[in-house]
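Report on the structure
Read off the chains here:
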Amino acid sequence: PNTVRRANLAFVSKLRLAQTGITEKFYPYPPDFVAEIASTHKPFEKVKGRVNEFLTSGTDLAWIIRHQRGRDLRIEVFWGKGFKMFPSKLLENWLL
C-alpha cells in the first residue's frame, strides 16, 4: 500500500541519497535511522509497533526514547535485518 511514515526523527545517509536521489515532497524510501519518543500520549507498545513498521520496510536502526518515572531517559535500541555497521562505529562522534 501507499503509506507515508513519519518518525519523530529520521536520518538518511549521503550514500543512500546518492543512490536514490532527493525528492521535493517526501522521501519514498525507508530512512537509515529513526527515533521515536514514547510518552503518556504515545505509549511504548504503540510506538514499538510503529518502529516495527519502519524496520520491516528496510530501516536499519531505530531508537525508542522514553522517560522512566523518577529516572533519566531510557533508549531502547532495535536493529533491522540489513544492519551492516558496528554499533561502536555508528555512535562514534555522537553527542546527546
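As a starting point, this report considers the structure included with it. (Residues numbered from 1 in each chain as written. Predicted model: local features only at pLDDT ≥ 70, side-chain atom pairs only at ≥ 80, totals over all residues. Heavy atoms only, no water.)

Overview of the overall build of the protein chain
Scanning the protein chain from terminus to terminus reveals three helices and four strands. For the protein chain, long-range pairs separated by at least 24 residues make up 45% of all intrachain contacts whose partners lie at least 6 apart in sequence. Accessible area for the protein chain stands at about 7700 Å²; split by element, carbon and sulfur atoms hold 56% of it. (Helix = DSSP H or I, 4+ residues; strand = E, 2+ residues; numbered from the N terminus. Contact = heavy atoms within 4.5 Å. Areas by Shrake-Rupley, 256 points an atom, 1.4 Å probe, with all protein chains shown as cover.)

With respect to the pairing of strand E3 (residues 61-67)
The element E3 is extensively covered by neighbouring structure, given that five of its seven residues are classed as buried. Pairing geometry for strand E2 (residues 33-37) and E3, over five bridges, is parallel. In the sheet register, Ile 37 faces E3, and the bridge partner there is Ile 65. Note that the unit made of E2, helix H2 (residues 44-57) and E3 has a crossover that is right-handed. (Buried < 20%, exposed > 50% of the residue type's maximum accessible area, 1.4 Å probe, protein only. Pairing = 2+ DSSP bridges. Right-handed = clockwise from strand over helix to strand, strands pointing away.)

A word on H2
For H2, spanning 14 residues, the distance from its first C-alpha to its last is 20 Å, which sits close to the expected 20 Å at 1.5 Å a residue. Each element contacted by the buried residues of H2 is listed here: E2, E3 and strand E4 (73-79). Immediately beyond the C-terminal end of H2, within one or two residues, lies Gly 58, with a positive phi of roughly 125 degrees. (Expected span 1.5 Å × (residues − 1).)

Considerations on the environment of Phe 33
Structurally, Phe 33 can be placed in strand E2. Sequence separation between Phe 33 and Gly 58 is 25 residues; the distance between their C-alpha atoms is 9.9 Å.

Thoughts on the packing of aromatic side chains
Using the criterion set out here, one finds two aromatic pairs in the structure. When the centroid spacing of 5.5 Å and the interplanar angle of 65 degrees are considered together, the rings of Tyr 27 and Tyr 29 count as edge-to-face. Taking relative accessible area as the criterion, Tyr 27 reaches 22% and is therefore assigned partly exposed. Between Phe 33 and Trp 63, the ring centres sit 5.1 Å apart and the planes meet at 85 degrees, which makes this aromatic pair edge-to-face. Placement of Phe 33 in strand E2 and of Trp 63 in strand E3 is noted, with a sequence separation of 30 residues between them. Trp 63 matches Phe 33 in its accessibility class, with the two residues each being buried. (Phe/Tyr/Trp six-rings, centres within 6.5 Å; stacked < 30°, edge-to-face > 60°.)

Side note on a nonpolar patch on the surface
Taken together, the side chains of Ile 75, Val 77 and Trp 79 make up a nonpolar region of the molecular surface, amounting to roughly 250 Å² of accessible area. Positionally, Ile 75 belongs in strand E4. (Patch = residues over 30% accessible without salt bridge, like charges linked within 9 Å, V, L, I, M, F, W, Y side chains within 5 Å. Salt bridge = Lys/Arg side-chain N within 4 Å of Asp/Glu carboxyl O.)

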